[in-house]
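# Examination of the molecular architecture
Each chain, written out:
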Amino acid sequence: GQQVMQIPQYQHVQEGEDFTTYCNSSTTLSNIQWYKQRPGGHPVFLIQLVKSGEVKKQKRLTFQFGEAKKNSSLHITATQTTDVGTYFCAGPRRSGGYQKVTFGTGTKLQVIP
Amino acid sequence: DAGITQSPRHKVTETGTPVTLRCHQTENHRYMYWYRQDPGHGLRLIHYSYGVKDTDKGEVSDGYSVSRSKTEDFLLTLESATSSQTSVYFCAISPQGARVNTEAFFGQGTRLTVV
């Protein structure tokens, strides 16, 4: 089964409220990526985190990679209707000599105007 | 957007029939993936390829086969479609698999309905 779990599965927020989604892995990750999928669209890459404890910001989005490199979070400050979509984390999973990208279950964000 | 095209975009097929979905890329990326997306399950990896004629299974490979005879094309075949394979299928490509400083680019998706 999937090795990368995300919570919550769904989140409804009032526009202007903050939102956080969490990603947890059963194993240490060399890196973690975050993607956003708009309704009816395809996943689009947002960012990649590599270092233990790393924090990166993109405007109102803050991404963190845990010290043990087993968990990550995405925090959105003051949500807007344009933030609606499903947010996925993704981590590498080794298979033989190759690494494949394994996605979390995703968090679907609804923003109420 | 990366040069990645999925065809068909929509398909309705009958149970028991074979179905082939095509992913075509113009980026010359080494890695290609097929995922299925279902409510509550996120994106689950079906098969992936790390080079021409080099493929491996993902976590939900039963009932699916793949082929990659050229760098630019990755085909997903449902040998005998079942209703449980009704889903949205995404192809993705990346230059270096899951290594650092790489990202996956997704196609627009194929909505498959098996009736």
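A brief structural summary. (Residues numbered from 1 in each chain as written. Chains lettered and ligands numbered in written order. Predicted model: local features only at pLDDT ≥ 70, side-chain atom pairs only at ≥ 80, totals over all residues. Heavy atoms only, no water.)

## Thoughts on the state of the cysteines
Residue and element names in this part refer to chain A. Here is the rule: Throughout, disulfides are identified as pairs of cysteine sulfur atoms within 2.5 Å of each other. Secondary structure counts use DSSP, requiring at least four H or I residues in a row for a helix and at least two E residues in a row for a strand, with both numbered from the N terminus. Throughout, exposure labels follow a simple rule: accessible area from a 1.4 Å probe, protein chains only, divided by the maximum for the residue type, with under 20% read as buried, over 50% as exposed, and the rest as partly exposed.
Counting across every chain of the model gives 2 disulfides over all chains. In this model, Cys23 is linked to Cys89 through a disulfide, with the two sulfur atoms separated by 2.0 Å. A torsion of 75° about the S-S bond marks the disulfide between Cys23 and Cys89 as right-handed. With Cys23 in strand E3 (residues 19-25) and Cys89 in strand E9 (residues 85-95), this pair connects stretches of sequence that are 66 residues apart. Residue Cys23 shares its accessibility class with Cys89, and that shared class is buried.

## Here's the deal with the interface of chain A and chain B
You'll often see interface size given as the accessible area lost when the parts meet. The condition is simple: Note on contacts: a residue pair qualifies if any of its non-hydrogen atoms lie within 4.5 Å across the two residues. Buried area is understood as the total, over both parts, of accessible area removed when two parts are fitted together, assessed with a 1.4 Å probe. When a carboxyl oxygen of Asp or Glu lies within 4 Å of a side-chain nitrogen of Lys or Arg, that pair is called a salt bridge. Two N or O atoms count as a polar contact when they lie within 3.5 Å, although within protein this holds only if one can serve as hydrogen donor and the other as acceptor, and sequence-adjacent residues are included solely when both atoms are side-chain atoms.
Taken together, the contacts link 24 residues of chain A with 29 residues of chain B. Of the roughly 2200 Å² buried between chain A and chain B on both sides combined, carbon and sulfur atoms contribute 53%. The interface formed by chain A and chain B contains 0 salt bridges. Between the two partners, chain A and chain B, sit 3 residue pairs in polar contact (both at pLDDT 80 or more). Breaking the side of chain A that touches chain B down by element, the ones donating at least two residues are strand E4 (32-37), strand E5 (44-49), E9 and strand E10 (98-103) of chain A. Considering every element that reaches the side of chain A that touches chain B, the biggest residue donor is E10(A), with 6 residues.

## Some details on the nonpolar core
Put simply, the rule is: The term nonpolar core refers to a set of buried residues drawn from Ala, Val, Leu, Ile, Met, Phe, Trp, Tyr and Cys, joined through side-chain atoms within 4.5 Å.
A:Trp34 and A:Phe63 are the most contacted members of the largest nonpolar core, which has 20 residues in total. Look past the residues within four positions of A:Phe63 in its chain and what remains in contact with it is A:Trp34, A:Leu46, A:Ile47, A:Leu49, A:Glu54, A:Val55, A:Lys56, A:Gln58, A:Ser73 and A:Leu74. One finds B:Cys23, B:Trp34, B:Ile46 and B:Leu112 within the second-largest nonpolar core, a separate group that totals 18 residues.

## Topic: empty space enclosed by the protein
The method is simple in principle: a probe with the dimensions of a water molecule rolls over the atoms, and the space it marks as empty is what remains. Keep this limit in mind: Buriedness for pockets is judged along seven lines, at least five of which must meet protein on both sides within 12 Å for an open set on the 1 Å grid over protein atoms alone, while cavities are sets there where a 1.4 Å probe fits but cannot get out, and lining residues have an atom within 4 Å of a point. Grid points are joined across faces, edges and corners, and a volume is the space filled by probe spheres set on the points. Residues are grouped as follows: nonpolar covers Ala, Val, Leu, Ile, Met, Phe, Trp, Tyr, Cys and Pro; charged covers Asp, Glu, Lys and Arg; every other residue, Gly included, is treated as polar.
Here the structure, examined in full by the defined rule, presents 1 cavity of 30 Å³ or more. Here the largest cavity defines a volume of roughly 30 Å³. Split by residue class, the lining of the largest cavity holds 1 nonpolar, 2 polar and 3 charged.

## Thoughts on the layout of surface pockets
Computed from the structure, the largest pocket encloses a volume of approximately 680 Å³. Around the largest pocket, the lining comprises 30 residues; the ones closest to its centre are A:Gln37, A:Gly40, B:Gln37, B:Val88 and B:Arg111. Those elements giving two or more residues to the lining of the largest pocket turn out to be E9 and strand E11 (107-112) of chain A together with strand E4 (31-38), strand E9 (87-94) and strand E11 (110-114) of chain B. The class makeup of the residues in the lining of the largest pocket is 8 nonpolar, 17 polar and 5 charged.

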